[in-house]
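# Structural description and commentary
What follows is the residue order along each chain.
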Amino acid sequence: MERFSEAVTGEMVGEVALICIDNPPVNAAGHEVRKGLTAAVSWLAGSGAKAAGLWCAGRTFTAGADVREFGKTPQPPSLPEVCNTLEASAVPIVAVMHGTALGGGFELALACHARIGLSGLRVGFPEVNLGILPGAGGTQRGPRLAGIAPVLDMALSGKPMPAEEALKHGLIDELTRGEPREVALDAARRAAAGDLKTRRTGELETPADTDAINAAQVKLAKKPGLNAPPRIVEAVAASTRPITEGLAEERRLFMECYDDPQRAALVHAFLAERAVAKYPEAGAKPRAVKRVGVIGAGTMGQGIATSCLLAGLDVTLVEVKEEALGRGEAAIAKNLDGAMERGKMTAAARAEAEAALDATTDMEALADADLIIEAAFEKMEVKREIFTALDRIAKPGAVLATNTSYLDVNEIAAVTSRPEDVIGLHFFSPAHIMRLLEIVVADRTAPEVVATGFALAKRLGKIGVRAGVCDGFIGNRILGNYARAAEHLVLDGAAPSQVDRAVRGLGMAMGPFEMADLAGLDIGYFNRRRRDPIRPPEERYSKVADRLVEAGTLGRKTGKGYYVYGESKPVPNPDLDGIVADERALSGIAPREFSDHDIRDRYLTAMIAEAARVVEDGIAQRPSDVDAVFLNGYGFPRHLGGPLHQADVIGAAELVRRMEEWSAEDPWQWRVPAILRRMADEGGTFAQLNG
Ligand code: 3H9
């Protein structure tokens, strides 16, 4: 056995060689892999081997460049250099891939002289999701094997392609079963004997396909905002040129992407979504969950039940009245139909899911549920009543969860004799679509109950984020602050439609007033009434939304809110001008103009300020958890990385400067969080706090 680096070894077996990459967990092509592969090719040249097999240990072929090295000083050799070295090898090398061969991992294989996939393999170019392009020859070698169209599709979508399809396109030469090392050995022997065709990909030519290039350009022009996709098209288009020219063009475009702030934001988003799984109770053993009880068949309950059914869990759905239960059941059936239409499940799986649903008005039916999620009306009295009943009905060891968006989980837990089993599981609507799950840990929640919450999130395909107990947890607490900033902007002179437009200009899916109309203005109204007794006296209060509700205009569901909804595009509600003018007159406000830029600054700064306090108070474990919440539950644009990533981009000093300037008009709203003040005075970033 030869050891070329900590991650790469080689061995001679008769007259062929085997090269193995072993770099857990996903064999990322970090420095040890690159260094090792380069040394392995040199060794191969003098080994006397007639052919070689390249395979990976562990659960997958390489997942690509090591994203944790991004932004650090590059350590040679680079991945493109390693790919060129592999391709230049006089001894033919066959790549044998299992699991997923992604990005730079797949590019390593494309630089080999033949490719074999093991069943279940998926290959892909997910770089676009990280704001970059396949930069180790993928845009040049891919089209030489498959043509331009399929490679463009793969690189622009970022979606992995099943091996069968890759075989059809010529991206792999064979698809077989077996253990990677055994298949690699067999492949090397066949290559040595001339029974497996080998050739250098770079010596092939890409057939021109201007139609595919033009079609991609037209499609991208309709979706501006991201900087990597047009560069991907340009790089792939260059694959009809000689390989050295094409590779140089790919490198130039790759470096443009690499230096783009979108890359840093998207890589941050990727890492943030993985960091959430590191939480203090992670060592505890989750409790087994087979049957989930859902209390409440309203919109939230329907979504939660659907999500559990899609994940193959049994569901007991409980509602007080038969009629509401029937409506809930019908909605769940429709959700399942939708999942089938979107290709998420087969007809057989749909039938199974429907059979796994037990809908009832009898709360006693929850006796055999392993985990019960209460999604009833958002009122403490209602929650107390339900949890008192659950304490009597639920079997010992059942997890008792509340889907409350704001209420104190400690207070809910206190009505039971088993507060250690009580947790908050805050889903986002529509719960079968939205990826976020806030896992709210109360003072006495047992570690294995927290671990069960995370295991459920994983099972449901969601991003679980640990949150502490406070009014609104992570997301809604922050939302409260920037929604208020938006209301103040309206009182002070901006139109709601201008605020919405400015916020959409940031890349958000919707502005705050469009969002409020969609959710229903009564939701905010109830929440404000709940907060009446706890609202700090210094807080500036806008009555505009209350007046809309009192006039019976509740947003989309009544056809009128901040906007009027009819057949055509929503238009601003004409009644608003009068309401806002009254409120301004009552408070003695002379309206002034705000530019879209001013609006965006205030909106984002208010978001960042409360996000900073959420971190400071320990409600979120780390800044990147806040970002994961906003990316997955609040429509924050991924290419901006999240509010606290943006805080680092803007800089603490500038944020403090803004808040100090605006605090002259509203000291409470623009009070500076201590953590930001410290960063401004002493240096430091939120990224450093992520560890
Ligand atoms: C690239 O290749 C650029 C080149 O074209 C050009 C270069 C010049 N690096 O997701 P999981 C870690 S760009 C470092 O939970 P799963 C991950 O952080 C790259 N680490 O597992 C986690 O660590 P921890 C293109 C990585 O089974 C652990 O592995 N490639 C990388 O659900 C497990 O991850 C991609 O974008 C990486 N590349 O899914 C592939 N990948 O446990 C990105 C993963 O400490 N990766 N980790 O938190 C994936 O899509 C999934 O991780 C994968 C496994 C499907 C592989």
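On a predicted model such as this, the values are computed, not experimentally measured, just so you know.

### A word on the overall build of the protein chain
Summing up its helical and strand segments, the protein chain has 29 helices and 20 strands in all. Relative to the compact-globule value of 26 Å for 691 residues, the protein chain shows a C-alpha radius of gyration of 28 Å, a close match. With respect to the principal axes defined by its C-alpha atoms, the protein chain has extents near 85 × 60 × 55 Å. For the protein chain, buried positions account for 56% of its 691 residues. Across the protein chain, contacts joining residues at least 24 apart in sequence account for 72% of those joining residues at least 6 apart. Distance from the positive charge centre (80 side chains) to the negative charge centre (94 side chains) of the protein chain: 1 Å.

### A short note on the pairing of strand β17 (residues 436-441)
Most of β17 is tucked away, with 6 of its 6 residues classed as buried. Alternating residues of β17 divide into Leu-436, Glu-438 and Val-440 and Leu-437, Ile-439 and Val-441, and every residue in both groups is buried. Taken together, the 4 bridges between strand β16 (residues 422-427) and β17 define a ladder with antiparallel strand orientation. Its bridge partner being in β17, Gly-424 is matched across the sheet by Val-440. In the sheet, β17 pairs with strand β18 (residues 463-468) via 6 bridges, with the strands oriented parallel. Along β18, the bridge assignment pairs Val-441 with Gly-468.

### Some remarks on the domain arrangement of the protein chain
How big an interface is tends to be stated in terms of accessible area lost as the parts join. What the domain assignment reports for the protein chain is domain 1 (2-259), domain 2 (291-467) and domain 3 (475-689). Here domain 1 and domain 3 have C-alpha centroids that lie 45 Å from each other.

### Comments concerning the sheet that holds strand β2 (residues 8-13)
Through backbone hydrogen bonds, the strands of a sheet pair up, either in parallel or in antiparallel fashion. The 7 strands are arranged β1-β2-β3-β4-β5-β7-β10 in an open sheet whose pairing can be described as mixed. Looking at the sheet topology across the chains shown, the edges are occupied by β1 (2-3) and β10 (174-176). In the packing of helix α1 (residues 31-47) onto the sheet, the strands contacted are β1, β2, β3 (16-21), β4 (51-56) and β5 (93-97), and the crossing angle to β2 comes to about 25°. The strands that helix α7 (residues 180-193) touches are β2, β3, β4, β5, β7 (114-118) and β10; relative to β4, the one it contacts most, it runs at about 160°.

### Section: helix α17 (residues 447-459)
Counted at 1.5 Å a residue, the expected span for α17 with its 13 residues is 18 Å, and the 18 Å between its end C-alpha atoms agrees. Val-449, Val-450, Ala-451, Thr-452, Gly-453, Phe-454, Leu-456 and Ala-457 are the residues of α17 that are buried. Structurally, α17 contributes buried residues whose contacts are with β14 (371-374), β15 (399-402), β16, β17 and β18. One or two positions beyond α17, positive phi appears at Gly-461, with a value near 75°.

### Focus: the packing of aromatic side chains
A full pass over the atoms with the stated rule returns 13 aromatic pairs. Both rings, one in Phe-4 and one in Trp-43, keep their centres 5.2 Å apart while their planes meet at 50°; by these two values the pair is tilted. Highlighted residues: Phe-4 in the loop between β1 and β2 and Trp-43 in helix α1, separated in sequence by 39 residues. In terms of burial, Phe-4 and Trp-43 fall into one category: buried. The interplanar angle of 55° and the centroid separation of 4.6 Å between the aromatic rings of Phe-513 and Tyr-562 together place this pair among those described as tilted. Residue Phe-513 is located in helix α20 (residues 512-519), and its partner Tyr-562 is located in the loop between α22 (544-550) and β19 (563-564); the two are separated by 49 residues in the primary sequence. The exposure classification of Phe-513 matches that of Tyr-562, with both residues buried. By way of ring pairs, the aromatic residues Phe-428, Tyr-482, Tyr-603, Phe-630 and Tyr-634 are connected into one cluster. A cation over a ring is seen here: Arg-263 above Tyr-258, with NZ or CZ 4.1 Å from the ring centre.

### Here's the deal with the site of the ligand
Close to the ligand lie 27 residues; Arg-59, Ala-63, Arg-68, Glu-107 and Glu-127 are nearest. Gly-104 places a polar main-chain atom, nitrogen or oxygen, 2.8 Å from an oxygen atom of the ligand. In this structure, an oxygen atom belonging to the ligand sits 2.5 Å away from a side-chain N or O atom of Glu-127. Within the complex, the protein chains bury 75% of what would otherwise be the 1000 Å² of accessible surface of the ligand. The set of elements that each furnish at least two residues to the shell around the ligand consists of β6 (100-102), α3 (104-110) and α11 (261-275).

### Describing the nonpolar core
Counting residues in each nonpolar core, the largest one holds 94 residues, and the members touching the most others are Ile-474, Val-626 and Leu-676. When residues of this core are assigned to their parent elements, the largest contribution, 11 residues, is made by helix α24 (residues 596-616). Here this core gathers at least three residues from each of two domains, domain 2 (291-467) and domain 3 (475-689). Those residues in contact with Val-626 that sit more than four places away from it in its chain are Ile-474, Ile-478, Ala-611, Val-614, Val-615, Ala-620, Pro-643 and Leu-644.

### Overview of the environment of Ala-212
Assignment of secondary structure puts Ala-212 in helix α8 (residues 210-221). For Ala-212, a relative accessible area of 16% translates into the label buried. Not counting chain neighbours up to four residues away, the residues in contact with Ala-212 comprise Ile-148, Ala-149 and Leu-152.

### Looking at the packing of helix α27 (residues 652-663) against helix α28 (residues 674-682)
Contact geometry of α27 with α28 gives a least axis separation of 8 Å together with a crossing angle of 125°. In terms of orientation, α27 lies oblique with respect to α28. Read as a crossing pair, α27 and α28 show a hand that is left-handed. Across the interface between the two elements, Ala-652, Ala-653, Leu-655, Val-656, Met-659 and Glu-660 of α27 pack against Leu-676, Arg-677, Met-679 and Ala-680 of α28. Residues that form the contact of α27 with α28 fall into these classes: 8 nonpolar, no polar and 2 charged.

### Notes on the pattern of salt bridges
Overall, the coordinates contain 57 salt bridges when judged by the stated rule. Salt-bridge contacts for Lys-383 lead to Glu-374; the nearest nitrogen and oxygen are separated by 2.6 Å. Of the two residues examined, Lys-383 and Glu-374, each falls in the buried class. One salt bridge connects Asp-532 with Arg-535, and the closest N-O pair in it is separated by 2.8 Å. Owing to a relative accessible area of 35%, Asp-532 belongs among the partly exposed residues under this scheme. Here the salt bridges share partners, and the residues they tie into one network are Asp-471, Arg-484, Arg-528, Arg-529, Arg-530, Arg-531, Asp-532, Arg-535, Glu-539 and Asp-546.

### Looking at a negative patch on the surface
A grouping of Glu-322, Glu-329, Asp-358 and Asp-368 is seen on the molecular surface, where their side chains present a negatively charged patch. Along the chain, Asp-358 falls in strand β13 (residues 357-360).

### Considering the pairing of strand β11 (residues 291-295)
Counting buried positions along β11 gives 5 out of 5 residues, so the element sits mostly inside the fold. Because side chains alternate across β11, one face comprises the buried residues Arg-291, Gly-293 and Ile-295, and the other comprises Val-292 and Val-294, equally buried. One ladder, built from 5 bridges, connects β11 with strand β12 (residues 314-318); its direction is parallel. Each bridged residue has a counterpart across the sheet, and for Ile-295 the counterpart in β12 is Val-318. Taken together, β11, helix α12 (residues 299-310) and β12 constitute a β-α-β crossover, and its handedness is right-handed. The pairing of β11 with β14 spans 4 bridges and is parallel. Residue Ile-295 lies in a different strand from β14, and its bridge partner there is Glu-374.

About the thresholds
- Residues numbered from 1 in each chain as written.
- Predicted model: local features only at pLDDT ≥ 70, side-chain atom pairs only at ≥ 80, totals over all residues.
- Heavy atoms only, no water.
- Helix = DSSP H or I, 4+ residues; strand = E, 2+ residues; numbered from the N terminus.
- Rg over C-alpha atoms; globule rule 2.2 N^0.38 Å.
- Buried < 20%, exposed > 50% of the residue type's maximum accessible area, 1.4 Å probe, protein only.
- Contact = heavy atoms within 4.5 Å.
- Lys, Arg positive; Asp, Glu negative; His and termini not counted.
- Charge placed at Lys NZ, Arg CZ, Asp CG, Glu CD.
- Pairing = 2+ DSSP bridges.
- Domains from an automatic or database assignment.
- Axes fitted to C-alpha atoms, helices over the stretch in contact; angles between N-to-C directions.
- Expected span 1.5 Å × (residues − 1).
- Phe/Tyr/Trp six-rings, centres within 6.5 Å; stacked < 30°, edge-to-face > 60°.
- Lys NZ or Arg CZ within 6 Å of the ring centre and 35° of its normal.
- Near = heavy atom within 4 Å.
- Polar contact = N/O pair within 3.5 Å; in protein donor to acceptor, adjacent residues only side chain to side chain.
- Areas by Shrake-Rupley, 256 points an atom, 1.4 Å probe, with all protein chains shown as cover.
- Core = buried A, V, L, I, M, F, W, Y, C linked by side-chain atoms within 4.5 Å.
- Parallel < 35°, antiparallel > 145°, perpendicular 65-115°, else oblique.
- Left-handed = near helix turned anticlockwise from the far one by under 90°.
- Nonpolar A, V, L, I, M, F, W, Y, C, P; charged D, E, K, R; others polar.
- Salt bridge = Lys/Arg side-chain N within 4 Å of Asp/Glu carboxyl O.
- Patch = residues over 30% accessible without salt bridge, like charges linked within 9 Å, V, L, I, M, F, W, Y side chains within 5 Å.
- Right-handed = clockwise from strand over helix to strand, strands pointing away.

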